[in-house]
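Each chain, letter by letter, is given below.
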Amino acid sequence: MKRRISKNALTQGPILKNLILFTLPILAGSIVTQLYNLTDSVIVGNYIGKEALAAVSATSPTTNIINLFLIGLSAGSTVVIGQRVGVGDHRKLQEAIDTIAILTLVVGAFITVFGLSICRPVLKLLGTPENIFENSYHYMMVIFIGTFGNLIYNMGSGCLRGMGDSVWPFNFLCLCSVLNILLDLLMVIVFGWGVLGAAVATAISQLISGIGIIFRINRGGYYGVKLSLKKLHFSSFEAKEIAVIGIPAGIQQIGNTLAALFVQSYVNTFGSDFIAANNIVTRIDNLANMPVMAMGTAVGTFVAQNVGTYQFTRIRKGINQSIASLQLVGIVMCGALLIASGAVPYLFNSDPNVVAIAKTGIFITAFVNLFHGIDRVLVNAMRGMGKSMVPMVTAQLGALSRVPVAYFLAVVPNNQNGIFWALMIASAIRSLAISVYYFFGGWKSAVRTYLRKHPIPPGREVPDLPSFVSSPKG
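As the structure is a computational prediction, the values presented were derived from the model and not from experiment.

What about the overall build of the protein?
Within the protein, the secondary structure is distributed over 15 helices and 0 strands. Per-residue burial for the protein yields a buried fraction of 54% across its 474 residues. When contacts within the protein are restricted to residue pairs at least 6 apart in sequence, those whose partners lie at least 24 apart make up 81%. About 20,400 Å² of surface is accessible on the protein, with carbon and sulfur atoms providing 67% of the total. One way to put it: in the protein the 34 positive side-chain charges average out to a point 12 Å from where the 17 negative ones average out.

Structure (structure tokens):
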């Protein structure tokens, strides 16, 4: 049975306009997340104390890795759902949704059990101080218990985006953030539960948002699919497709975090002023990178939906237009940071030495904006085509290259600015690697692989089939 599944499909109409409209809620969601994290820290730090804030911060390396892996894993659901929406096959879409639901239950159970078993060993390995150890331990335990809610939200949001809906994932992210803040205030101030209360607030808000995502998917008439525990059907084919895309994307996220941790150890050798300045530079870089990350996510969905309809020319146009628009954004952002590099640090700190270091760092890393757009678009485009392994490798090449580059440019010559140069050089390497792969065979390989796995149905005309492939019929 075939029918149009989503009225928000990206398979028709003006490409760049639809991509921008799809991107805006994703970008807004990133901003909400940043604001929520800031507010959460303010509540914990001011109403419980500095030791409580330190206890929560001590769990960040572990919980961040888990969160980033879940976000990467959800990319698999976005791509597979997007491809099924493009094809318009309701049966395959339902199979994919069912399989994702089963995988969510299995992976959630595994992460919860595994996470609970490593809480104490990991905190000891990280050298968590005794005065905050128990609070960190309890916080981490509750966060792992709440893994199901977090995973349901991420995988469900991936499904909605794959079906062309980026608005409702944003709505539920806002709900999660507001609930978390309100529950923080209730459990920390009213109930006096301290760090444990902050963790419970996070777990409950994520679970409620996850349940909301399920209700949205389960509307039936809108998306044409329904989730029912009694009727879930597992498809090994769909599971493999999701894993092939999602696992490398998750590993990519972990690799980025581990590389950042190594570099942080180098940063720490230059003293507290440089640590504070580097934190400012990192925050500015993350803020400047938000539009690129959001557009990259949108491109992944766009490619996934259009490859399902065999619109290869439209895909190439979308990729080219996205790169061009993000390069323009990057040039403007780079110029703005170069001009404002002396003023921006004062928003965070007024110490003259910290400001001077941060000014230099922002000036150097401003040029990173010239590379971000190409990298994010091509990585997500290849992932949308079903090719996730090579983009993972090129991304890791860029992330991991930052470690030795920072060592030889900063640690060996004792030059703190080498940390900033390493970030820029690593970004350039990453962008160059994925560009070489894409333009020198990666695109052709992705098209051939997709057509081999999903042959064109008999009698279906594909007017823009690339000249470098024959027309494989089902």
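The discussion continues.
Observations regarding the packing of aromatic side chains
On inspection of all chains with the given rule, the structure shows 11 aromatic pairs. Where Phe110 meets Phe114, the ring centres are 5.8 Å apart and the plane angle is 5°; that geometry is what we call stacked. Here Phe110 pairs with Phe114, and both are found in helix 4 (residues 90-125), just 4 residues apart, close to one helical turn. Assessed through its relative accessible area of 55%, Phe110 is described here as exposed. Measuring from ring centre to ring centre gives 4.8 Å for Tyr438 and Phe439, while their planes differ by 90°; the resulting arrangement is edge-to-face. A cation over an aromatic ring shows up here: Arg120 above the ring of Tyr137, its NZ or CZ 4.0 Å from the ring centre.

Topic: unusual backbone geometry
Look at Tyr310: it is not a glycine, yet its phi comes out positive at around 60°. Within the fold, Tyr310 resides in the loop between helix 10 (272-307) and helix 11 (312-340). The buried category is assigned to Tyr310, whose relative accessible area is 3%. If you check the backbone angles, Asn414 has positive phi at about 55° while not being a glycine. Tracing the backbone through its elements, the reader meets Asn414 in the loop between helix 14 (389-411) and helix 15 (418-453).

Observations regarding the nonpolar core
It is characteristic of soluble globular proteins that their nonpolar side chains tend to be buried jointly. Among the nonpolar cores identified, the biggest contains 39 residues, and Val303, Phe312, Ile319, Met385, Trp443 and Leu451 are the most heavily contacted of them. Of all the secondary structure elements, the ones that give two or more residues to this core are helix 1 (15-47), helix 10, helix 11, helix 13 (369-384) and helix 15. The element that contributes the greatest number of residues to this core is helix 10, accounting for 9 residues. Counting residues in each nonpolar core, the second largest holds 31 residues, with Ala96, Met155, Met163 and Leu173 among its members.

Quick look at helix 13
The terminal C-alpha atoms of helix 13, which comprises 16 residues, lie 23 Å apart, in line with the 22 Å expected from a rise of 1.5 Å per residue. When you tally the buried positions in helix 13, you get 13 out of 16 residues, the bulk of the element. Directly beyond the C-terminal end of helix 13, a positive phi value near 100° is found at Gly386.

Thoughts on helix 15
Its 36 residues place the ends of helix 15 only 46 Å apart at the C-alpha level, less than the 52 Å of an ideal helix rising 1.5 Å per residue. By the largest-angle criterion, Gly441 marks the main kink of helix 15, which is about 65°.

As for the environment of Ser322
Mapped onto the elements of the fold, Ser322 is located in helix 11. A relative accessible area of 0% means that Ser322 is categorised as buried. Residues within four places of Ser322 in sequence aside, it is in contact with Leu19, Met295, Val299 and Val377.

Digging into a nonpolar patch on the surface
Taken together, the side chains of Tyr47, Ile48, Val178, Leu182, Leu185, Leu186, Ile189, Val190, Phe191, Trp193 and Leu196 make up a nonpolar region of the molecular surface, amounting to roughly 990 Å² of accessible area. Here the nonpolar patch takes 6 residues from helix 7 (residues 167-190), the largest share from any one element. Looking at the element boundaries, Leu196 is found in helix 8 (residues 194-217). Taking relative accessible area as the criterion, Leu196 reaches 39% and is therefore assigned partly exposed.

What to know about the environment of Val244
Along the polypeptide, Val244 turns up in helix 9 (residues 236-268). Along the sequence, Val244 and Met389 sit 145 residues apart, while their C-alpha atoms lie 7.7 Å from each other. Residues in contact with Val244, not counting those within four places in the same chain, are Gly386 and Ser388.

What about the side chain of Ser177?
Relative to the assigned elements, Ser177 resides in helix 7. With residues up to four places along the chain from it excluded, the contact list for Ser177 reads Val32 and Tyr36.

Let's talk about the confidence of the model for the protein
In low-pLDDT regions, the fine details of the predicted coordinates are not to be read closely. When pLDDT is averaged across the protein, the result is 85; 95% of the residues are at 70 or more. Ranking the helices and strands of the protein by mean pLDDT puts helix 11 first, with 93, and helix 2 (residues 50-58) last, with 72. Scored below 50 in pLDDT, residues 1-7 makes 24 contacts in the model with residues more than four places away or belonging to other chains.

Examining the packing of helix 4 against helix 5 (residues 130-145)
Interhelical geometry of helix 4 versus helix 5 gives an angle of 165° and a closest axis separation of 9 Å. Here helix 4 lies roughly antiparallel to helix 5, going by the angle between them. In this structure, the crossing between helix 4 and helix 5 has a hand that is right-handed. Contacts between helix 4 and helix 5 involve Ile111, Thr112, Gly115, Leu116, Cys119, Arg120, Leu123 and Lys124 from the first element and Phe133, Glu134, Ser136, Tyr137, Met140, Met141, Phe144 and Ile145 from the second. The class makeup of the residues in the contact of helix 4 with helix 5 is 10 nonpolar, 3 polar and 3 charged.

Some points on the state of the cysteines
Under the counting rule described, the total for this entry stands at 0 disulfides. The thiol of Cys174 is not disulfide-bonded; the next cysteine sulfur, from Cys176, is found 9.9 Å away. The class of Cys174 is partly exposed, set by a relative accessible area of 22%.

Conventions adopted
- Every chain's residues receive numbers from 1 upward, in the order its sequence appears when written.
- This being a predicted model, a pLDDT of at least 70 is required before a residue's local features are given, and a value of 80 or more before pairs of side-chain atoms are given or counted; all residues contribute to the totals for chains, interfaces and linings.
- As a convention, hydrogens and water are excluded, and side-chain values are obtained from all of the structure's heavy atoms.
- The helix and strand labels rest on DSSP assignments: H or I over at least four residues marks a helix, E over at least two residues marks a strand, and numbering proceeds from the N terminus.
- Whether a residue is buried, partly exposed or exposed follows from its accessible area with a 1.4 Å probe, protein chains only, as a fraction of its type maximum: under 20%, in between, or over 50%, in that order.
- Every residue pair with non-hydrogen atoms within 4.5 Å of one another is taken to be in contact.
- Methods summary: accessible areas were calculated by the Shrake-Rupley approach with a probe of 1.4 Å, and residue burial reflects only the protein chains presented.
- Only four residue types enter the tally: Lys and Arg on the positive side, Asp and Glu on the negative side, with His and both chain ends excluded.
- To locate a charge, take NZ of a lysine, CZ of an arginine, CG of an aspartate or CD of a glutamate.
- Think of it this way: a Phe, Tyr or Trp ring, Trp meaning its six-membered ring, pairs with another when their centres are within 6.5 Å, and the plane angle makes it stacked under 30 degrees, edge-to-face over 60, tilted otherwise.
- Look at NZ for Lys and CZ for Arg. If either is within 6 Å of the ring centre and within 35 degrees of the ring normal, a charge sits over the ring.
- Residue types Ala, Val, Leu, Ile, Met, Phe, Trp, Tyr and Cys, when buried and joined through side-chain atoms within 4.5 Å, form a set referred to as a nonpolar core.
- One fewer than the residue count of a helix, multiplied by 1.5 Å, yields its expected span.
- A residue's bend is simply the angle between two axes: one fitted to the seven residues ending at it, one to the seven starting at it.
- Think of a patch as exposed residues, more than 30% relative accessible area, with no salt bridge, where like charges cluster within 9 Å and nonpolar side chains (Val, Leu, Ile, Met, Phe, Trp, Tyr) cluster within 5 Å.
- In the sections that follow, a salt bridge refers to a side-chain nitrogen of Lys or Arg positioned within 4 Å of a carboxyl oxygen of Asp or Glu.
- Per-residue confidence from the prediction method is given by pLDDT, with values spanning 0 to 100.
- Geometry is summarised by axes, namely lines fitted to C-alpha atoms with helices restricted to the contacting stretch, and by angles between N-to-C directions that run from 0 to 180 degrees.
- Working rule for angles: under 35 degrees goes down as roughly parallel, over 145 as roughly antiparallel, 65 to 115 as roughly perpendicular, anything else as oblique.
- Should the near helix be turned anticlockwise from the far one by less than a right angle, the crossing is left-handed, and should it be turned clockwise, the crossing is right-handed.
- Gly falls in the polar group here, along with every residue not listed as nonpolar (Ala, Val, Leu, Ile, Met, Phe, Trp, Tyr, Cys, Pro) or charged (Asp, Glu, Lys, Arg).
- Note on terminology: pairs of cysteine sulfur atoms within 2.5 Å are recorded as disulfides.

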